[in-house]
Amino acid sequence: MAGKSRHFLTGNITTCLLLLAAHACARPANMSALKDKAPVSKDENEILPPDHLNAVKMELDGHLNKDFQKEVFLGKEMEEFDEDSEPRRNRKKLVEIFAKVDFNKDRSVSAKEMQRWIMEKTEEHFQEATKENKNSFHAVDPDGDGHVTWDEYRAKFLASKGFDEKDVAEKIKNNEDLKLDEETQEVLESLKDRWFQADTNPVDQLLNEQEFLSFLHPEHSRGMLRYMVKEIVRDLDQDGDKKLTLSEFISLPVGTVDNQQGQDIDDDWVRERKKEFQEVIDADRNGIVTMEELEEYMDPMNEHNALNEARQMIAVADENQNRSLELDEILKYSEYFTGSKLMDYARNVHEEF
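Residues numbered from 1 in each chain as written. Predicted model: local features only at pLDDT ≥ 70, side-chain atom pairs only at ≥ 80, totals over all residues. Heavy atoms only, no water.

## Here we look at the packing of aromatic side chains
The full count for this structure, using the stated rule, is 12 aromatic pairs. Measuring from centroid to centroid gives 5.6 Å for F249 and F277, while their planes differ by 45 degrees, and the two rings are tilted. Taken together, the residues F249 in helix α12 (residues 246–250) and F277 in helix α13 (residues 260–281) connect sequence positions 28 residues apart. With respect to class, F249 is no different from F277; both count as buried. These aromatic residues form a ring-pair network of at least three members: F137, W150, Y153, W195, F212 and F215. (Phe/Tyr/Trp six-rings, centres within 6.5 Å; stacked < 30°, edge-to-face > 60°. Helix = DSSP H or I, 4+ residues; strand = E, 2+ residues; numbered from the N terminus. Buried < 20%, exposed > 50% of the residue type's maximum accessible area, 1.4 Å probe, protein only.)

The following block contains the structure:
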């Protein structure tokens, strides 16, 4: 993204911390400055890159994905498990999922079985993104010629913000000033940089449907995933060496929250990120995370990462320490796997299974 977007990281951390202190923190957003001005329209949702990428371990602004375990365990069934769902229905659904994960039907889930399941659920998210991309591409390619120019996309984007599309297109054609406010201009600069990164060989300044998918969902393209990693490192890297130390990875803006509750939030932030840096991201354990290490960590289709994640997920709920999960363990730790806490989790477990 353009250099001016560097302030998004600090701004989002500050906002998130303040809202957490009020018990209402929402997911960080890369383009929050623009989106906070007014509700996002349906048209804008169709053509703007999403702020959050399902089944990717880190957000676009460098925050850890708090819903990652739930996303790779539930796949497209995520919405069925919410806080208002009936516990008995959720319990039944979780029992059904356990039976599917237990591939060899031995009534326990091994790391290999969980790895296989994680890869399947990640693929579901990929398929959903590809399906949504068809609608999004059609929205910016109404004539159906199979490609879109940056100017065409820019006109569509501004139309979604309330500008007259024909007037904008005419001004772009005549190279006239669009008279945009600073925030909208910054978002456009970020989008333009991302647009041209998605333009693969032949570099023709046009995006086809597959390239547009990479524009909206960088996790679908190795080149765009690498670009996303560079942006995250640039925002976190304090000494300009294009690598991340632990102190850089866990750093917080000074003085963002003054009260004790804010300090607790800071402590949680540091604890979580330190653990992830040392135990997961820093593959060679040398105290430095390179772009290559971060790229491997961010790759949702990395089978080695899926196996490590499977082992971590099992370790959380493996009360009998047999390195596998039984149904009662998954039900007891349902909030970790699904975000939904079940009551009387152990009641009639074997009967239900």
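On we go from here.
## Some details on the UniProt feature "domain: EF-hand" (unreviewed entry) in the protein
Here the UniProt-annotated "domain: EF-hand" (unreviewed entry) positions come out as residues 89–124, 128–163, 229–259 and 279–304. Helix makes up 75% of residues 89–124 and strand 0%, with an end-to-end C-alpha separation of 23 Å. (UniProt positions renumbered as here; feature names shortened; annotations may be inferred.)

## Points about the confidence of the model for the protein
Averaged over all residues, the pLDDT of the protein is 84; the fraction at 70 or higher stands at 80%. Across residues 1–40, confidence stays below pLDDT 50; counting only partners more than four residues off in sequence or on other chains, it has 84 contacts. Confidence over residues 344–353 falls short of pLDDT 50; this stretch has 19 contacts with residues more than four positions distant or in other chains. (pLDDT = per-residue confidence, 0-100. Contact = heavy atoms within 4.5 Å.)

## Things to note about helix α11 (residues 222–236)
Over its 15 residues, α11 extends 21 Å from the first C-alpha to the last, a length consistent with the 21 Å expected when each residue adds 1.5 Å. Three or more residues of α11 are buried, namely M224, L225, Y227, M228, V229, E231, I232, V233 and L236. With a side-chain oxygen lying 3.3 Å from the backbone nitrogen of G223, the N-terminal cap of α11 falls on S221. (Expected span 1.5 Å × (residues − 1). Polar contact = N/O pair within 3.5 Å; in protein donor to acceptor, adjacent residues only side chain to side chain.)

## Overview of helix α15 (residues 303–317)
Helix length check: α15 (15 residues) gives 22 Å between terminal C-alpha atoms against 21 Å at 1.5 Å per residue, within 8%. Buried positions along α15 lie against α4 (68–74), α6 (111–140), α16 (327–332) and α17 (334–338). Capping the start of α15 is the job of one residue whose side-chain oxygen sits 2.9 Å from the backbone nitrogen of H304: N302.

## Points about unusual backbone geometry
Residue N201 is joined to P202 through a cis peptide bond whose omega torsion reads -5 degrees. Relative to the helices and strands, P202 resides in the loop between α9 (182–198) and β2 (206–207). Located in the positive-phi region is R285, a residue other than glycine, with phi close to 55 degrees. Residue placement: R285 occurs in the loop between α13 and β4 (288–289).

## Regarding the pattern of salt bridges
By the definition in use, this model includes 20 salt bridges. Two residues, E309 and K57, come together in a salt bridge whose shortest N-O distance is 2.8 Å. Of this pair, E309 sits in helix α15 while K57 sits in the loop between α3 (42–47) and α4; the two residues are 252 residues apart in sequence, bridging distant segments of the chain. Its relative accessible area of 11% is what places K57 among the buried residues. In this structure, a network of salt bridges that share partners links the residues R222, R226, E295, E296 and D299. (Salt bridge = Lys/Arg side-chain N within 4 Å of Asp/Glu carboxyl O.)

## Focus: the environment of R107
For R107, the location among the structural elements is in the loop between α5 (87–101) and α6. With relative accessibility at 48%, the residue R107 sits in the partly exposed group. For the pair R107 and E326, spaced 219 residues apart in sequence, the C-alpha to C-alpha distance is 6.4 Å.

## With respect to the environment of E248
For E248, the location among the structural elements is in helix α12. Spatially, the C-alpha atom of E248 lies 9.6 Å from that of V233, the residues being 15 residues apart in sequence. Other than its neighbours up to four places away in sequence, E248 contacts L236, D237, Q238, D239 and K243.

## Things to note about the side chain of H63
Topologically, H63 is positioned in the loop between α3 and α4. When its relative accessible area of 7% is taken as the criterion, H63 is described as buried. Side-chain polar atoms of H63 contact the side chain of D61, separated by 3.0 Å.

## Observations concerning a negative patch on the surface
Side chains of E79, D82, E128 and E132 sit close together on the surface and give a patch of like negative charge. Tracing the sequence through the fold places E128 in helix α6. Among the residues examined, E128 registers a relative accessible area of 37% and is labelled partly exposed. (Patch = residues over 30% accessible without salt bridge, like charges linked within 9 Å, V, L, I, M, F, W, Y side chains within 5 Å. Areas by Shrake-Rupley, 256 points an atom, 1.4 Å probe, with all protein chains shown as cover. Lys, Arg positive; Asp, Glu negative; His and termini not counted. Charge placed at Lys NZ, Arg CZ, Asp CG, Glu CD.)

## Brief notes about the nonpolar core
One recurring pattern in soluble globular proteins: nonpolar side chains tend to sit buried together. If you look at the biggest cluster of nonpolar residues, it comprises 30 residues, and the most contacted ones within it are F73, I97, V101, M114, I118, L325 and F337. Listing elements by their share of this core, those giving two or more residues are α4, α5, α6, α15 and α16. Per-element tally for this core: the top contributor is α15, with six residues. Once residues lying within four places of it in the same chain are set aside, the contact partners of I118 are V72, A306, E309, A310 and M313. Residues I47, L48, F215 and L216 belong to the second largest nonpolar core, which totals 25 residues. (Core = buried A, V, L, I, M, F, W, Y, C linked by side-chain atoms within 4.5 Å.)

## Quick notes on the packing of α6 against α15
At their nearest, the axes of α6 and α15 sit 8 Å apart, and the two run at 120 degrees to each other. Taken as axis vectors, α6 and α15 run oblique relative to one another. Handedness of the α6/α15 crossing: right-handed. Facing α6, whose interface residues are A111, K112, M114, Q115, I118 and M119, α15 presents E303, A306, L307, E309, A310, R311, M313 and I314. Across the contact of α6 with α15, the residue classes break down as nine nonpolar, one polar and four charged. (Axes fitted to C-alpha atoms, helices over the stretch in contact; angles between N-to-C directions. Parallel < 35°, antiparallel > 145°, perpendicular 65-115°, else oblique. Left-handed = near helix turned anticlockwise from the far one by under 90°. Nonpolar A, V, L, I, M, F, W, Y, C, P; charged D, E, K, R; others polar.)

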